[in-house]
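Residues per chain, in single letters:
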Amino acid sequence: MKRRRTPEPGWARAYRTVTAVWLLGKALTLAVNAVTFPRLRPAPVPPGGPRVSILIPARNEAANLPVTLPGVLAQGAHEVLVLDDRSDDGTGDVARHLGARVIPGAARPDGWHGKPWACQQLLRAASGDVLIFTDADVTWHSGALGGLLRELHASGADLLSVQPRQSNVTPGERLLTPLVDAAVLSYFPFPLLRMTPPHPLATIANGQVMAYRRAALTCVGGYAAVRDQMLEDTVMARKLGQLGLRVSTVLGRGCIGVRMYRSYPESVAGFGKNALPIHLNSRAFMLASVALHVAGHTLPWLLPLPNRNALRAASLLERLAVNLIAGRRTPADLAEGLLGPVTPLLALPVLARALRRRVSWKGRQYRQ
């Protein structure tokens, strides 16, 4: 006698449908970006090209600059300026010794966040036609500037930002830091980012490397336009888009890399300061996003659902696909896919930090 099959509960069917649609949408976005997202390729700096200023805001970066600054200085830019943002670890002396021109940072005016103020001072001091703001922990490899200028010209962008290839060394760095790539590559299909005029919610930028045509940055009013923003990069991109200017982005791949954080606690602190503005400063939206990630990646391993193997596979394969597209292909990089089911749980301390009314970064307090 045939055993009667127990009907699937309505909540289980609804749960499976919602999570399957969400994960399928992300998978399709990854597939589109695997084909269309531009990648930087090394190239020589074109003779007779635009004057380029590479501008580095630096606060307590004495440990990073000996690793990253020589590569920047070797690019062949017209000038490299380092803004010593009132550091107490000898950042300015290190930068001078390595050969950069150092600008002592002025006291931060009321109403300004630290990084926009540092960038505004660099803007005033720079003389280039193309202004490239890059963080002190970003590594530039041979041919990076030529490749960036080629992409800037090919894209016709007024602002071209770079998604540097993540360099993660310790196990703690691998838990959350690579999610920067996942956020871009699994949610933003590149053809949508290239729409003209851009939609505000489909406009992104990465403040680790931002290359502006000077006229565009002047048109928006410089960094005064984002003086009080923690997520100044994306807000600046949206403001440029609202003015009818073109914004684009590119994967750094082997040209430009970054080692953002050195441990899991550092990742929590870094993401905790940006999580709320990334979710449009809506705590409800942020909580819903976290709940969706737990539902899509973690619960398929915990709930006794029928046909759950497809959801489980998706939770493992997503980070693997992201790393392949971003050009992170060592065995350790690819093994990060196994973290997919626990990643939403590892991100819960980020949520707790982001829900606070004030966040701290580099010794400064900011109200959310």
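Quantities reported herein were computed from a predicted structural model and do not represent experimental measurements.

The sites that UniProt annotates as "domain: Glycosyltransferase 2-like" (unreviewed entry) are residues 53-217. With 36% helix and 22% strand, residues 53-217 has its two end C-alpha atoms placed 13 Å apart.

In this model, the second largest pocket occupies a volume close to 160 Å³. Secondary structure elements with two or more residues in the lining of the second largest pocket: α11 (264-278) and β12 (364-367).

So, on to the pattern of salt bridges. A side chain of one charge can pair with a side chain of the opposite charge when the charged atoms of the two come close. Scanning the model with the defined rule gives ten salt bridges in all. Of the charged contacts in the structure, one is a salt bridge between Glu336 and Arg328, with a shortest N-O distance of 2.8 Å. Considered together, Glu336 and Arg328 belong to a single accessibility category, that of buried residues. Residues participating in the shared-partner salt-bridge network are Arg174, Arg319, Arg328, Asp333 and Glu336.

Within strand β4 (residues 130-134), five of the five residues are buried, which leaves the element mostly enclosed by the surrounding structure. The alternating pattern of β4 places Val130, Ile132 and Thr134 on one face and Leu131 and Phe133 on the opposite face, and all of these are buried. Relative to strand β8 (residues 209-213), β4 runs antiparallel, the two sharing five bridges. Across the sheet, residue Ile132 finds its bridge partner in β8, namely Ala211.

Moving on: the sheet that holds strand β7 (residues 165-166). Ordered by their spatial adjacency, three strands build an open sheet running β5-β10-β7, and the pairing between neighbours is mixed. The sheet terminates laterally at β5 (138-140) and β7, the two strands that pair on one side only. Of the pairings in the sheet, the one linking β5 to strand β10 (residues 256-258) comprises three bridges and is antiparallel in character. In the strand pairing of β10, Thr139 is matched with Gly257.

With that settled, the discussion passes to the packing of helix α1 (residues 10-36) against helix α12 (residues 283-298). Here α1 crosses α12 at 95 degrees, and the two axes come no closer than 10 Å. By the angle between their axes, α1 is roughly perpendicular relative to α12. On α12, the residues touching Tyr15, Val18, Thr19, Trp22, Leu23 and Lys26 of α1 are Leu292, His293, Ala295, Gly296 and His297. A breakdown of the residues in the contact of α1 with α12 according to their chemical character gives six nonpolar, four polar and one charged.

Right, let's get into helix α2 (residues 65-73). Along α2, the residues classified as buried are Leu65, Thr68, Leu69, Gly71 and Val72. Taken end-on, α2 shows its buried residues confined to a sector of 160 degrees, consistent with a single buried face. Close packing links the buried residues of α2 with β1 (52-58), β2 (79-84), α3 (91-98) and β5.

Before going further, it helps to examine a nonpolar patch on the surface. A contiguous nonpolar surface patch, about 280 Å² in accessible area, is contributed by Leu201, Leu280 and Phe285. Inspection of the secondary structure assignment puts Phe285 in helix α12. Residue Phe285 is classed as partly exposed on the basis of its relative accessible area of 42%.

Basis of the calculations
Residues numbered from 1 in each chain as written. Predicted model: local features only at pLDDT ≥ 70, side-chain atom pairs only at ≥ 80, totals over all residues. Heavy atoms only, no water. UniProt positions renumbered as here; feature names shortened; annotations may be inferred. Helix = DSSP H or I, 4+ residues; strand = E, 2+ residues; numbered from the N terminus. 1 Å grid on protein atoms, 1.4 Å probe; cavity = no way out; pocket = protein on both sides within 12 Å on 5 of 7 lines; lining within 4 Å. Points joined across faces, edges and corners; volume = space filled by probe spheres on them. Salt bridge = Lys/Arg side-chain N within 4 Å of Asp/Glu carboxyl O. Buried < 20%, exposed > 50% of the residue type's maximum accessible area, 1.4 Å probe, protein only. Pairing = 2+ DSSP bridges. Axes fitted to C-alpha atoms, helices over the stretch in contact; angles between N-to-C directions. Parallel < 35°, antiparallel > 145°, perpendicular 65-115°, else oblique. Contact = heavy atoms within 4.5 Å. Nonpolar A, V, L, I, M, F, W, Y, C, P; charged D, E, K, R; others polar. Arc of directions from axis to C-beta. Patch = residues over 30% accessible without salt bridge, like charges linked within 9 Å, V, L, I, M, F, W, Y side chains within 5 Å. Areas by Shrake-Rupley, 256 points an atom, 1.4 Å probe, with all protein chains shown as cover.

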